[in-house]
Amino acid sequence: MKEIKKSELLSYPEFSESIYWSQKNTLYKICKLLPVEHERIEFLKFIYKLDIPGLIKPLDLLSNEKIYGYEMPYVDGTTVDKVLVASTTDINVIQIIKEMFNILGKIHEHFIYGDIRCSNIMISNNLPLFID
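Residues numbered from 1 in each chain as written. Predicted model: local features only at pLDDT ≥ 70, side-chain atom pairs only at ≥ 80, totals over all residues. Heavy atoms only, no water.

Caption draft 1: Just the packing of aromatic side chains, in detail. Inspection of the entire model under this criterion finds five aromatic pairs. For the ring pair Trp21 and Tyr74, a centre distance of 5.1 Å and an interplane angle of 45° mean the geometry is tilted. Pair noted here: Trp21 is in strand β3 (residues 19-21) and Tyr74 is in the loop between β6 (67-72) and β7 (78-79), with a separation of 53 residues, a long-range link. The class of Trp21 is partly exposed, set by a relative accessible area of 22%. (Phe/Tyr/Trp six-rings, centres within 6.5 Å; stacked < 30°, edge-to-face > 60°. Helix = DSSP H or I, 4+ residues; strand = E, 2+ residues; numbered from the N terminus. Buried < 20%, exposed > 50% of the residue type's maximum accessible area, 1.4 Å probe, protein only.)

Caption draft 2: Spatial organisation of the sheet that holds strand β4 (residues 27-30). In space, the six strands of this open sheet follow the order β1-β5-β6-β4-β3-β2, with mixed pairing throughout. A strand with exactly one partner marks an edge of an open sheet, and here the two such strands are β1 (2-3) and β2 (14-16). This element, helix α2 (residues 37-49), spans β5 (60-63) and β6 of the sheet and lies at about 25° to β6. (Pairing = 2+ DSSP bridges. Contact = heavy atoms within 4.5 Å. Axes fitted to C-alpha atoms, helices over the stretch in contact; angles between N-to-C directions.)

Caption draft 3: How the structure looks around the nonpolar core. Among the nonpolar cores identified, the biggest contains 17 residues, and Leu55, Ile107, Phe111, Tyr113 and Phe130 are the most heavily contacted of them. When residues of this core are traced back to their parent elements, those giving at least two are α3 (80-85), α4 (93-108) and β8 (121-124). Sort the elements by how many residues they give to this core and α4 lands first, with five residues. Residue contacts for Ile107: discarding those within four places in its chain leaves Ile52, Leu55, Tyr113 and Phe130. Within the second largest apolar cluster, nine residues are counted, among which are Leu27, Leu61, Ile67 and Met72. (Core = buried A, V, L, I, M, F, W, Y, C linked by side-chain atoms within 4.5 Å.)

If you want it as structure tokens, here you go:
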């Protein structure tokens, strides 16, 4: 677990809402807590231990006396919606979609991925990656 004060994290450059660049070119995400905070913490610990190709999981959990977020790798790619509407022959859309469903099937063996939306599916090197 990475001990870092939330106030320090907020001083880092912002990548997007609630996401900040770390000093190691990774990203720090501040989580919105569920009504029962300990359930979110246990879920983050669970996800951290999984090994599912195509699921970008936390590199480390962020703590300042309690867990409040996680560190994740930066994915060099673009969101699935931008890739699928682009007029390019460099990608195999059908293969990407098949692989998305394959990865989701593996994820759903462990938990229900409830935040499926275009901004949480990145395409990098013609492979889908589920983030967040």
